[in-house]
Structure formats: C-alpha cells, structure tokens
Amino acid sequence: MITEPIFENTKIAFALKSDVELERAFFLFKMISIQPLVKIGTAATNLAIKANLPVEGLIRVTVFNHFCGGVNEEDCLPVIDKMYEKGVSSVLDYSVEGKENEAEFDSALTTVLRIMDFAKERKAMPIAVFKPTGFGRFKLFEKLGRGDDLSKEERDEWHRVESRFETVCKKAKDNGLALLIDAEESWMQDAADELVTKMMQKYNTEKAVVFNTLQLYRHDRLDYLKKQHELARQNGYYLGYKIVRGAYMEKENERAEEYKYESPICKNKFATDTNFDQTAQYILDHLEDICLFAGTHNEDSTYLIMEQMKMKGIPNDDPRIWFGQLYGMSDHISFNLADKGYNVAKYVPFGPVKDVMPYLIRRAEENTSVAGQTGRELSLLSKEKKRRKLEE
C-alpha cells in the first residue's frame, strides 16, 4: 500500500481557509456532531422558513456558505477560481430538489444548459451534472421502471423527459464537457439507467462523455456494470461511471420492509466498502473501455485507487480517472490529491438559500449518521488550528 499518509497534511488541506473560516468550519462540524441538535435545528429551520421568518441571512453566513458556492453561478466564481489555483476543479450542482411540474423541469433544463455554457469558457469546470428527477416526475420514472403501461399523456410526458436528457448530452459533447448523471432511489432507477444507456450509446462513441452513477451500497451494481460493459463492447461505445456509496439507505431499507421485498442494500458497511473497492478495481482493470469518477470521502478507498494506479503504471493525471468530493467536506482528501497531480473535482452546490435547504439538511443528517466522518473533520480542523498557532 501507499505508505505516505498524504491526507494528514492540514496545511495543504486548509490553505484556502482564513482563520475565521477555519473557526466557522470547526463550529459547524461541532454542532453537526451532536445528533439531537441536528434534529432540533433542522426542524426549527424548516419551520422558520415556512413561516417566512428572517433566518436566510443567518443560514447564508453559516451552513450555506460552508457547503454551497453561492446563490447563482456568477456568485460561485470566487470559490471556483480559488480552488482551481490549487488544482481542484468544480462541478456546479444546481441543488434544488422535489420539483413536480413541466415548467419547473424546463427551468431546470435551462439552468443546466446555462451552467454548461458558463463551464465551456472555464478550464476550472470540465464536468457538468444533473439529477434525473430534475427533468421529469419521480412517479413517471417509477411507473416506467415497473414496466407498467403508460397513458397517451404519460408517453408524451416521457418523450419530453427524453428530449431534456438528449439536449443536455448533446450540449456536453458540443462543449467538450463530461456529464455526470446522478443516481436516485432504486425503485425509479431502472428507467433512468435505461435512458442513460441510450445516451451513452449515442454520445460515447469516441470517448466517455455521459457518465451514469453506481450507488454501491446496492449489492447488484457490480453485476449491472459487468453487463453494461459487455453491451458496450458489443456495440462499440465507451462507458463512464461515477461510483459512490449511496445516499438513500434508510429510505431504501424502510421501503423494502414495508413492501416485503429483499432490500437492495448491502448487509453492512463492510460489504458496501468491499463492493465499492471491487467496482473501482474492475473499472481500473478495463480502463480502455470505462472511465472512472470516484466520488468518495473514504480515505481507504482513495488510497486503494491510488495504489492500483501506481501498480498499473497509470499517471496521476490520467484523464480517464477523476476523484470527487463535496464542497465543504473532506478538503484533506481533495487538496492533497490535487497537490500530488491527481484529477480532482469538488461538487459545488448552488441555488437560492430557501430552495437549497433540503440539500443542506441532508448533508447535516448524513454527517451525523456516517460513523467517524464528523470526528475526522473536527480532528483535522483542530490540528490545523494548533499548527497555525505555533506558526504565529
């Protein structure tokens, strides 16, 4: 294994943070580490926003500024430029969730296309992203995935969803961008997978432009990848995959229990970690056909990919391999990787404060539920605070 523990270097990890920002980050992760406080805080925040109380200013200067780039893409530019000076690219993520009507889907499409034009002019933004349910109703994906017959209106609606996907994939190819398509709940994912495969067949003929996402807390995803690889080989196109552990575990297990079917989720964290690492290994073994975007905050998995690259003689900056983390988290991974010449991108969420709140609440809840994540952030922030004091 790689013996040099590069993720311990807090000087590189937090080089972009002022002393005030460092203190704010420490305070936020301290608050997030207290589970009852997160529950009370998220409930109170939701209530305050629904009641139109003047809390947006407070949210903006605390949790929003830490986890989000800004309210619009122009607002994100200082963050994008600063990170790129340290070799970290940005994936602007329009983090507005839960929309349900055609006007909102068309508006999301317009926003994604605008971001892609914005990205075309900037080396710091080589990758775009969108979420399937940003472009179509969840229930429609679900119905299609079950194989139910669609009504005439629903078929027309699905054509509009396909058209939005098509428009964005074409724009990605035209603008020379990679395009990540997020994964969602398993009971809508089949229809999304089918549509993304269709887009790969059309747009990945010369290289991977369109990337699907594999949530590897699902025990069936490595087999799915192998089948997709065979299909791509037979039909002469490239695959791109973002691999993540997954974001809907509690919801998945609860639904499986309610509807009495076997949960698609791995039995435990060890099985998930194994699944993630084996999938990364499979892609690295078939790099001539598949490109990898490793979306992970897990240091062991990151070291494993680095080690495999070294063993296979793959250069750190090979354009077929990217590492990704969320803005506001795991800076010790992102900036230390970039310092060693690896391709790294931060997902930078943005959007109006009120609309981005569901995303921010999920971040807070995930940080309390992922064992060790918040503690690791706190220990590194604390280490950097001490290092700076000694340098004074």
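Located above this text is the structure these notes cover.
No experiment lies behind these values; they were computed from the predicted model shown. (Residues numbered from 1 in each chain as written. Predicted model: local features only at pLDDT ≥ 70, side-chain atom pairs only at ≥ 80, totals over all residues. Heavy atoms only, no water.)

Asker: So what's going on with a negative patch on the surface? Which residues, and what values?
Answerer: Taken together, the side chains of Glu250, Glu254, Glu257, Glu258 and Glu365 present a region of like negative charge at the surface. The biggest single contributor to the negative patch is helix 11 (residues 249-258), with 4 residues. Looking at the secondary structure, you find Glu254 in helix 11. Since its relative accessible area comes to 54%, Glu254 is described here as exposed. (Patch = residues over 30% accessible without salt bridge, like charges linked within 9 Å, V, L, I, M, F, W, Y side chains within 5 Å. Areas by Shrake-Rupley, 256 points an atom, 1.4 Å probe, with all protein chains shown as cover. Salt bridge = Lys/Arg side-chain N within 4 Å of Asp/Glu carboxyl O. Lys, Arg positive; Asp, Glu negative; His and termini not counted. Charge placed at Lys NZ, Arg CZ, Asp CG, Glu CD. Helix = DSSP H or I, 4+ residues; strand = E, 2+ residues; numbered from the N terminus. Buried < 20%, exposed > 50% of the residue type's maximum accessible area, 1.4 Å probe, protein only.)

Asker: Give a description of the sheet that holds strand 8 (residues 344-350) that names residues and reports values.
Answerer: Strand-to-strand pairing in sheets goes through backbone hydrogen bonds, with the strands running parallel or antiparallel. Judged by pairing direction, the sheet is parallel, and its 8 strands sit side by side in the order 1-8-7-6-5-4-3-2 without closing on themselves. Lying at the two open borders of the sheet, with one neighbouring strand each, are strand 1 (88-94) and strand 2 (127-130). On average, each strand axis in the sheet is inclined to that of its neighbour by 30°, with strand direction left out of account. As judged from the 5 bridges shared by strand 5 (residues 239-244) and strand 6 (residues 290-295), these two strands associate in the parallel manner. By the bridge assignment for strand 6, Leu239 is matched with Ile290. Sheet contacts for helix 5 (residues 73-85): strand 1 and strand 8; angle to strand 1, the most-contacted strand, approximately 160°. (Pairing = 2+ DSSP bridges. Axes fitted to C-alpha atoms, helices over the stretch in contact; angles between N-to-C directions. Contact = heavy atoms within 4.5 Å.)

Asker: Please provide a residue-by-residue account of the packing of helix 7 (residues 138-146) against helix 8 (residues 152-175), values included.
Answerer: One way to put it is that helix 7 packs onto helix 8 with a least axis distance of 11 Å and a crossing angle of 105°. By the angle between their directions, the pair helix 7 and helix 8 is classed as roughly perpendicular. Two secondary-structure elements touch here, helix 7 through Leu140, Phe141, Lys143 and Leu144 and helix 8 through Glu154, Glu157, Trp158, Val161 and Phe165. Split into classes, the residues belonging to the contact of helix 7 with helix 8 amount to 6 nonpolar, no polar and 3 charged. (Parallel < 35°, antiparallel > 145°, perpendicular 65-115°, else oblique. Nonpolar A, V, L, I, M, F, W, Y, C, P; charged D, E, K, R; others polar.)

Asker: Can you lay out the packing of aromatic side chains for me, pointing to particular residues and giving the numbers?
Answerer: This structure, assessed with the given rule, holds 9 aromatic pairs. Plain terms: the ring middles of Phe29 and Phe67 are 6.2 Å apart, the flat faces sit at 80° to each other, and that makes the pair edge-to-face. Of this pair, Phe29 sits in helix 2 (residues 19-32) while Phe67 is found in helix 4 (residues 56-67), placing the two residues 38 residues apart along the sequence. Geometrically, the ring pair formed by Phe135 and Phe165 is edge-to-face, given 6.1 Å between the ring centres and 80° between the ring planes. Taken together, the residues span a long stretch of sequence, with Phe135 in the loop between strand 2 and helix 7 and Phe165 in helix 8 at a distance of 30 residues. Per residue, the accessibility class of Phe135 equals that of Phe165, and both read buried. Clustering of aromatic rings is evident, with ring pairs tying together Phe130, Phe135 and Phe165. (Phe/Tyr/Trp six-rings, centres within 6.5 Å; stacked < 30°, edge-to-face > 60°.)

Asker: Could you give an account of helix 7, naming the residues involved and the relevant values?
Answerer: Taken as a whole, helix 7 has its buried residues at Phe138, Leu140, Phe141 and Glu142. Elements in contact with the buried residues of helix 7: helix 8, helix 9 (186-203) and helix 11. The first or second residue beyond helix 7 is Gly147, which carries a positive phi of 85°.

Asker: I'd like to hear about helix 13 (residues 299-311), residue by residue, with values.
Answerer: In a regular helix each residue adds 1.5 Å, so 13 residues correspond to 18 Å; helix 13 covers 18 Å between its end C-alpha atoms and thus fits that length. For helix 13, the complete set of buried residues consists of Glu299, Ser301, Thr302, Tyr303, Ile305, Met306, Glu307, Gln308 and Met309. Measuring from the backbone nitrogen of Asp300 back to the side-chain oxygen at the start of helix 13 gives 3.0 Å, which picks out Asn298 as the cap. (Expected span 1.5 Å × (residues − 1). Polar contact = N/O pair within 3.5 Å; in protein donor to acceptor, adjacent residues only side chain to side chain.)

Asker: Quick rundown of unusual backbone geometry? Include the residues and the values.
Answerer: Positive phi, normally seen in glycine, also occurs at Lys260, with a value near 55°. Topologically, Lys260 is positioned in the loop between helix 11 and helix 12 (269-285). Even without being glycine, Ser330 reaches a positive phi, approximately 55°. Position of Ser330 among the secondary structure elements: in the loop between strand 7 (321-326) and helix 14 (331-339).

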